[in-house]
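# Tertiary structure, described
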Amino acid sequence: MNKLKVLLLAISIVFVGGATQAGDKGDLEKKLAYAKAQYAKAEKRGFAWTTTPKVLGKAKTALAKGDLKAAKKFIKKALVETEASLAQADTSDNNWQDFVPK
Amino acid sequence: MNKNIKLGAVLIGLLVTTVSYQASDSYNDMVKKDTQQFRDFFSKKFPYVEMTDYANGVYALDSASREQWEEIEEFPPYELNVDNGESLFNTPFKNGKTYADCFSNGGIGIAQNYPRYEEGAKEVMTIELAINRCRQSNGEKPLKYKGGALADISAYMHYTSRGNKLALTVDSKGAYAAYEAGKKFFYSKRGQLNFSCADCHMALAGQRLRADITSPALGHTTGFPVYRSKWNALGTLHRRYGGCNKNVRAKPFKAQSTEYRELQYFQTLMNNGYELNGPSARK
């Protein structure tokens with residue numbers, strides 16, 4: 001009976017863990033898609049960085065390999081870069097004249 | 001009654017012409033004001049540099065580099081490019097016409113009129129773009145914009161214009177908008193390194209960035225196209241723009257994109273009155 005309980009517990013941990021991992025992967029895929037869309041926005045506004053496609057590529061590779069920890073790291077980096085790119089675009093649109101020496 | 005209507009029409013016509021003239025005068029006045037401010041920045045930063053010397057780029061600031069450059073210019077590396085450019089320029093297209101048919105004065109001694117704003121097309125026209133438009137209107141394929149045959153033809157046309165003073169004007173709302181777009185580009189920070197053109201070529205002009213000294217933005221466009229030692233080839237201004245953007249990790253625009261043409265328009269207007277001295281040699 002104890003062995004059965006342990007077996008059931010082990011199966012439930014694997015099942016729940018696997019479901020969590022699948023959920024994490026799905027969540028990361030959505031975040032990667034969002035990061036790509038943000039990059040496309042930055043590109044359209046003329047403020048894309050050369051470094052961001054490389055980071056997006058690494059995120060995609062890591063996700064494909066199932067290395068969720070690495071994928072999460074690269075996706076986070078990509079989101080930081082695209083946010084900064086879009087902030088540069090906003091600064092350019094709204095405040096570029098502040099940078100003209102008087 | 002008819003007489004009064006005619007008189008009214010003439011008066012209205014005169015009024016519109018006067019207002020239009022005053023508007024275009026004010027665009028040029030605004031650009032002149034910007035130009036003076038731009039030059040004042042450099043004359044304060046480098047009080048020992050003659051204003052005309054800025055046409056020589058970084059060699060106006062650094063005597064050691066200048067010495068090396070003057071030696072290089074004794075046997076200019078772009079000579080063969082100019083010869084090749086002349087040959088290409090004079091070679092007829094398949095339809096029998098030549099480049100001379102597309103440009104005023106047969107394309108000789110006219111580079112100081114570029115870039116200019118074309119009202120019909122509502123765009124900035126550079127000499128390189130004009131070369132390719134000439135080719136396409138005569139049934140030829142366009143050439144690549146960063147170097148090669150197009151750079152050689154541009155080098156020849158600039159060589160025939162050496163010593164001519166830049167004489168650009170900003171005569172319309174569209175032209176002024178293009179100028180302002182170029183000015184915005186120049187002062188906007190981009191790339192992972194968050195640098196603008198102004199950061200390196202105004203604030204940091206004369207400072208060392210790794211092994212090189214950054215050139216002052218004043219006079220930047222007069223010497224192009226340039227034979228750059230790093231390229232081991234002759235290249236156009238837009239090739240350099242792309243390289244600069246990549247240096248700060250900003251995705252570059254295509255050569256002869258609207259963005260780069262407007263940037264060139266702004267930069268060249270800041271050099272109005274300077275003599276063209278291209279092609280030239282650069283590090």
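None of these values were measured; they are calculated from a predicted model. (Residues numbered from 1 in each chain as written. Chains lettered and ligands numbered in written order. Predicted model: local features only at pLDDT ≥ 70, side-chain atom pairs only at ≥ 80, totals over all residues. Heavy atoms only, no water.)

### Thoughts on the overall build of chain B
Counting secondary structure elements, chain B contains nine helices and seven strands. For a compact globule of 283 residues, the expected C-alpha radius of gyration is about 19 Å, and chain B comes in at 21 Å, within 12% of that figure. Referenced to the eigenvectors of the C-alpha coordinate spread, the extents of chain B come out at roughly 80 × 50 × 35 Å. Summarising the internal contacts of chain B: among those between residues at least 6 apart in sequence, 70% fall at separations of at least 24. With the model as given, the accessible surface of chain B reaches about 14,100 Å², and the carbon-plus-sulfur share is 53%. Looking at chain B, you have 37 positive and 29 negative side-chain charges, and the mean spots of the two groups are 9 Å apart. (Helix = DSSP H or I, 4+ residues; strand = E, 2+ residues; numbered from the N terminus. Rg over C-alpha atoms; globule rule 2.2 N^0.38 Å. Contact = heavy atoms within 4.5 Å. Areas by Shrake-Rupley, 256 points an atom, 1.4 Å probe, with all protein chains shown as cover. Lys, Arg positive; Asp, Glu negative; His and termini not counted. Charge placed at Lys NZ, Arg CZ, Asp CG, Glu CD.)

### Topic: the state of the cysteines
Residues and elements named next belong to chain B. Using the criterion set out here, one finds one disulfide over all chains in the structure. Each disulfide pairs two cysteine sulfurs, and for Cys 102 the partner residue is Cys 134, the sulfurs being separated by 2.0 Å. Judged by the sign of its S-S torsion, about 75°, the cystine formed by Cys 102 and Cys 134 is right-handed. Of this pair, Cys 102 sits in the loop between α3 (79-90) and β1 (116-118) while Cys 134 is found in helix α4 (residues 127-137), placing the two residues 32 residues apart along the sequence. Assessed through its relative accessible area of 35%, Cys 102 is described here as partly exposed. With relative accessibility at 2%, the residue Cys 134 sits in the buried group. The thiol of Cys 200 is not disulfide-bonded; the next cysteine sulfur, from Cys 244, is found 7.4 Å away. In this structure Cys 244 is a free cysteine whose sulfur lies 7.2 Å from that of Cys 197, the closest cysteine sulfur available. (Disulfide = S-S within 2.5 Å. Buried < 20%, exposed > 50% of the residue type's maximum accessible area, 1.4 Å probe, protein only.)

### Description of the domain arrangement of chain B
Many analyses report the size of an interface as the accessible area lost when the parts associate. Residue and element names in this part refer to chain B. Parsing chain B into structural domains produces domain 1 (29-76 + 171-282) and domain 2 (79-159). The straight-line distance from the C-alpha centre of domain 1 to that of domain 2 is 22 Å. At the junction of the two partners, domain 1 supplies 23 residues and domain 2 supplies 26 residues. Counting each side, the surface lost to burial between domain 1 and domain 2 is near 1,900 Å², with a carbon and sulfur contribution of 66%. Considering only the side of domain 1, the residues that lose the most area to domain 2 are Leu 234, Gln 256 and Arg 261, jointly responsible for 27% of the buried surface there. (Domains from an automatic or database assignment. Buried area = accessible area lost by both parts, 1.4 Å probe.)

### As for the environment of B:Trp69
Residue and element names in this part refer to chain B. Mapped onto the secondary structure, Trp 69 falls in helix α2 (residues 63-74). Separated by 154 residues in sequence, Trp 69 and Gly 223 have C-alpha atoms that sit 13 Å apart. Contacts of Trp 69, omitting those with residues within four sequence positions, involve Asn 56, Tyr 59, Ala 281 and Arg 282. Separated by 3.1 Å, the side chain of Trp 69 and the backbone oxygen of Ala 281 make a polar contact. (Polar contact = N/O pair within 3.5 Å; in protein donor to acceptor, adjacent residues only side chain to side chain.)

### Quick look at the sheet that holds strand β7 (residues 280-282) of chain B
All names here are of chain B. Pairing is mixed in the open sheet, where three strands are placed in the order β6-β5-β7. Each edge of the sheet is formed by a strand with only one pairing partner; in this case those strands are β6 (233-235) and β7. With strand direction ignored, the average angle separating the axes of adjacent strands in the sheet is 35°. Pairing geometry for strand β5 (residues 226-228) and β7, over three bridges, is parallel. For Arg 228, the partnering residue across the bridge sits in β7 and is Arg 282. (Pairing = 2+ DSSP bridges. Axes fitted to C-alpha atoms, helices over the stretch in contact; angles between N-to-C directions.)

### As for the side chain of B:Asn138
Residues and elements named next belong to chain B. Positionally, Asn 138 belongs in the loop between α4 and α5 (148-159). Of the residues examined, Asn 138 reaches a relative accessible area of 10% and is grouped as buried. Residues within four places of Asn 138 in sequence aside, it is in contact with Phe 93, Asn 95, Lys 97 and Cys 102.

### Regarding the environment of A:Ala89
Residues and elements named next belong to chain A. Structurally, Ala 89 is set in helix α3 (residues 68-95). Relative accessible area serves as the criterion here: at 1%, Ala 89 is assigned to the buried category. Once you skip the residues sitting within four places of it in the chain, Ala 89 turns out to touch Arg 45 and Phe 47.

### Quick notes on unusual backbone geometry
All names here are of chain B. Residue Pro 225 follows Phe 224 across a cis peptide bond; omega there is 0°. Relative to the helices and strands, Pro 225 is located in the loop between β4 (212-213) and β5. Positive phi outside glycine occurs at Asn 105, with the angle close to 55°. By secondary structure assignment, the location of Asn 105 is in the loop between α3 and β1.

### Some words on a positive patch on the surface
Residues A:Lys54, A:Lys58, A:Lys69, A:Lys73, A:Lys77, B:Lys146, B:Arg210, B:Lys230, B:Lys246 and B:Arg249 make up a contiguous surface patch of positive charge. For the positive patch, the elements supplying multiple residues, two or more each, are α2 (52-65) and α3 of chain A. Ranked by residues supplied to the positive patch, first place goes to α3(A) with three residues. Counting through the fold element by element, B:Lys230 comes out in the loop between β5 and β6. (Patch = residues over 30% accessible without salt bridge, like charges linked within 9 Å, V, L, I, M, F, W, Y side chains within 5 Å. Salt bridge = Lys/Arg side-chain N within 4 Å of Asp/Glu carboxyl O.)

### Regarding the interface of chain A and chain B
In this complex, chain A contributes 18 residues to the contact, which on the side of chain B involves 18 residues. Of the roughly 1,600 Å² buried where chain A meets chain B, counting both sides, 59% is carbon and sulfur surface. Contact with chain B buries surface across chain A, with A:Thr50, A:Trp96 and A:Pro101 losing the most and accounting together for 32% of the total. At the boundary of chain A and chain B, one finds two salt bridges. Among the salt bridges present, the one from B:Lys184 reaches A:Asp93, with a minimum N-O distance of 2.6 Å. Remark: the boundary between chain A and chain B carries nine residue pairs in polar contact (both at pLDDT 80 or more). Examining the composition of the side of chain A that touches chain B, we find that four residues originate from one element, α3(A), more than from any other. Residues of the side of chain A that touches chain B, tallied by class, amount to eight nonpolar, six polar and four charged. (Nonpolar A, V, L, I, M, F, W, Y, C, P; charged D, E, K, R; others polar.)

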